[in-house]
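# Secondary and tertiary structure notes
Now for the letters of each chain:
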Amino acid sequence: MKKFVQIAFLLIGGALGLVFLPPLYELLHLSSNPWLDNPYVSVALGALLLFTLSFAFSDYFVRLISWMEEVLFKVPVGDLLFGTLGLIIGLIVAYFLGFAIDSMDLPKFTKVLPIILSFVLGYLGFRVGFKKRDELIQLFTLRGNNTKKKLAEGVEPQEVRGSYKLLDTSVIIDGRIADISETGFIEGTLVVPQFVLTELQHIADSSDTLKRTRGRRGLDILKKLQDERMTKVQITEEDFEDVQEVDLKLVRLAKKRGHDTQIVTNDFNLNKVCELHNVKVLNINDLANAVKPVVIPGEDMQVMVIKDGKEHNQGVAYLDDGTMIVVEGGRSYIGQAITVTVTSVLQTSAGRMIFAKPKDD
């Protein structure tokens, strides 16, 4: 690489010598000298000068190129492609604006404006293409699907607004999202951010057996979603390096994508954080509670009291779906199947709890 940099300095020096040395000779009144006023001599002097400087600065340029290679290798191909397309469009716009400026009768100092425009618009084009990659992909995909539908059916399809469902780590490991998705109750695109996938991989690589099992289960659920889901499952590279917590990254990503984006979770704390940030959230536990059989106060049910409750003389039983039943005065019935009467029901995003008392009482 060092030799490559020195050769580049040699070629660039020759080109600069050919362009800038003749005007310098005129300024210093040396243009009458036949040895200096020669294009070959100008190229040789410029090449020799920069080639000599390359020995002093080549190490710095090698480090710079190595750093740029390392950065570019880490950038996803999609981001690099769309960023480059944005850069090209920005440079084309800058070229036409510069051509228009050159055609005007403006002061000499304005001749530098095309160079400034090239830098500014090229940079802005790269940033726009880099940041808006997912939206551009979604736009082209949506138009392509609508065109295919129109050709197939011979009718004008209605515009469909895409909705995004951001999945967090807990809801992937939980696994119920795959069954819900298979039934078609969740529409739109399921989005799995790369930072969620990275956290899932860390859990799957954990030395703790339970964590490792949960992490691998999450990866299996993702594979199932990709294989069986009718709509799209998208993995996005968007990240926020200034934030460490995955939950806050999810909230920021949802706010960045707009009001058509919702976070799907079963984490009670993340649910509360989303409400504080005015971010739409779908809690799997809320859905599970909503589809449980309705229990009303005064209803009788048969339960098995299995253990003590937290308070004095309480017993605890469970329904088949895991709902806890607190039986007042049920401690003496531990190990027995009894009939209880429901007194009240407490339902939250964290789950549902039923309070009852023995029917004999």
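If you're wondering where the values come from, they're calculated on a predicted model, not measured in any experiment.

### Here's the deal with the overall build of the protein chain
When you go through the protein chain residue by residue, the secondary structure sums to 12 helices and 11 strands. Here the protein chain, with 361 residues, has 33% of them falling under the buried criterion. In the protein chain, once contacts between residues fewer than 6 apart in sequence are set aside, the share between residues at least 24 apart is 62%. Total accessible area on the protein chain stands at roughly 23,300 Å², and carbon and sulfur atoms take up 63% of it.

### Comments concerning the packing of helix 10 (residues 246-257) against helix 11 (residues 268-276)
Two quantities define a packed helix pair, namely the angle between the axes and the distance from one axis to the other. Running from N to C, helix 10 and helix 11 point in directions that differ by 40 degrees, and their axes come no closer than 11 Å. Of the two possible hands of crossing, helix 10 and helix 11 adopt the one that is right-handed. Here Asp247, Leu248, Leu250 and Val251 of helix 10 lie close against helix 11, whose contacting residues are Leu270, Val273 and Cys274.

### Overview of the environment of lysine 307
In this fold, lysine 307 is placed in strand 7 (residues 307-308). You can call lysine 307 partly exposed: its relative accessible area is 39%. Among the polar contacts made by the side chain of lysine 307, one reaches the side chain of tyrosine 318 at a distance of 3.4 Å.

### Thoughts on the environment of glutamate 311
Mapped onto the secondary structure, glutamate 311 falls in the loop between strand 7 and strand 8 (314-318). Exposure remark for glutamate 311: the relative accessible area of 53% places this residue in the exposed category. In sequence terms glutamate 311 and glycine 329 are 18 residues apart; their C-alpha atoms lie 9.9 Å from each other.

### Concerning the pattern of salt bridges
Taken as a whole and assessed by the stated rule, the structure comprises eight salt bridges. With its nearest N and O atoms 3.1 Å apart, the salt bridge here joins aspartate 239 to lysine 249. Taken together, the residues span a long stretch of sequence, with aspartate 239 in the loop between strand 3 (233-236) and helix 10 and lysine 249 in helix 10 at a distance of 10 residues. Arginine 331 is the salt-bridge partner of aspartate 308, the closest N and O atoms lying 3.8 Å from each other. With aspartate 308 in strand 7 and arginine 331 in the loop between strand 9 (324-328) and strand 10 (337-348), the pair connects residues that are 23 residues apart, well separated along the chain.

### A look at unusual backbone geometry
Of note, the phi angle at asparagine 278 is positive, near 55 degrees, even though the residue is not glycine. Counting through the fold element by element, asparagine 278 comes out in the loop between helix 11 and strand 5 (281-283). On the basis of relative accessible area, asparagine 278 is assigned to the exposed category, the value being 72%. The phi dihedral of asparagine 313 is positive, around 70 degrees, even though this residue is not glycine. Along the chain, asparagine 313 falls in the loop between strand 7 and strand 8.

### Describing a nonpolar patch on the surface
Side chains of Leu49, Leu53, Phe57, Tyr60, Phe61, Leu64, Trp67, Met68 and Val71 sit close together on the surface and give an oily, nonpolar patch of about 890 Å² of accessible area. With respect to the secondary-structure elements, phenylalanine 61 resides in helix 2 (residues 39-74). You can call phenylalanine 61 partly exposed: its relative accessible area is 36%.

### Details of the pairing of strand 2 (residues 189-193)
By the criterion of burial, strand 2 is predominantly enclosed, with five of the five residues buried. As paired strands, strand 2 and strand 3 are joined by four bridges and run parallel to one another. Each bridged residue has a counterpart across the sheet, and for valine 192 the counterpart in strand 3 is isoleucine 235.

### Observations concerning the sheet that holds strand 5
Two strands in a sheet stick together by hydrogen bonds in their backbones, pointing the same way (parallel) or opposite ways (antiparallel). Read from one edge to the other, the open sheet built from five strands follows the order 3-2-1-4-5, with strand pairing classed as parallel. Only two strands of the sheet have a single partner each, and these edge strands are strand 3 and strand 5. Taking each pair of neighbouring strands and ignoring which way they run, the sheet shows an average axis angle of 30 degrees. In terms of strand pairing, strand 1 (residues 164-167) meets strand 2 through three bridges, oriented parallel.

### Describing the nonpolar core
The biggest cluster of nonpolar side chains holds 35 residues, and the ones touching the most others in it are Leu167, Ile172, Ile177, Leu225 and Ile263. Beyond its immediate sequence surroundings of up to four residues, leucine 167 is in contact with Ile172, Ile177, Leu190, Val191, Val192, Pro193, Val196, Leu225, Leu250 and Val264. Residues Met301, Val327, Val340 and Val342 belong to the second largest nonpolar core, which totals 13 residues.

### Examining helix 9 (residues 209-228)
An ideal rise of 1.5 Å per residue puts 28 Å on 20 residues; helix 9 measures up with 28 Å between its terminal C-alpha atoms. Buried residues in helix 9 make contact with strand 1, helix 6 (169-174), helix 7 (176-183), strand 2, helix 8 (194-204) and strand 3. Sitting at the amino-terminal end of helix 9 is aspartate 208, which places a side-chain oxygen 3.1 Å from the backbone nitrogen of leucine 210.

### Some remarks on the packing of helix 7 against helix 9
The N-to-C vectors of helix 7 and helix 9 enclose an angle of 10 degrees; their axes lie 9 Å apart at closest approach. Classified by the angle between their axes, helix 7 and helix 9 sit roughly parallel to one another. Between helix 7 and helix 9, the contacting residues are Ile177, Ala178, Asp179, Ser181 and Glu182 on the first element and Ile221, Lys224, Leu225 and Glu228 on the second. For the contact of helix 7 with helix 9, the residue count by class is four nonpolar, one polar and four charged.

Reading guide: rules and limits
Residues numbered from 1 in each chain as written. Predicted model: local features only at pLDDT ≥ 70, side-chain atom pairs only at ≥ 80, totals over all residues. Heavy atoms only, no water. Helix = DSSP H or I, 4+ residues; strand = E, 2+ residues; numbered from the N terminus. Buried < 20%, exposed > 50% of the residue type's maximum accessible area, 1.4 Å probe, protein only. Contact = heavy atoms within 4.5 Å. Areas by Shrake-Rupley, 256 points an atom, 1.4 Å probe, with all protein chains shown as cover. Axes fitted to C-alpha atoms, helices over the stretch in contact; angles between N-to-C directions. Left-handed = near helix turned anticlockwise from the far one by under 90°. Polar contact = N/O pair within 3.5 Å; in protein donor to acceptor, adjacent residues only side chain to side chain. Salt bridge = Lys/Arg side-chain N within 4 Å of Asp/Glu carboxyl O. Patch = residues over 30% accessible without salt bridge, like charges linked within 9 Å, V, L, I, M, F, W, Y side chains within 5 Å. Pairing = 2+ DSSP bridges. Core = buried A, V, L, I, M, F, W, Y, C linked by side-chain atoms within 4.5 Å. Expected span 1.5 Å × (residues − 1). Parallel < 35°, antiparallel > 145°, perpendicular 65-115°, else oblique. Nonpolar A, V, L, I, M, F, W, Y, C, P; charged D, E, K, R; others polar.

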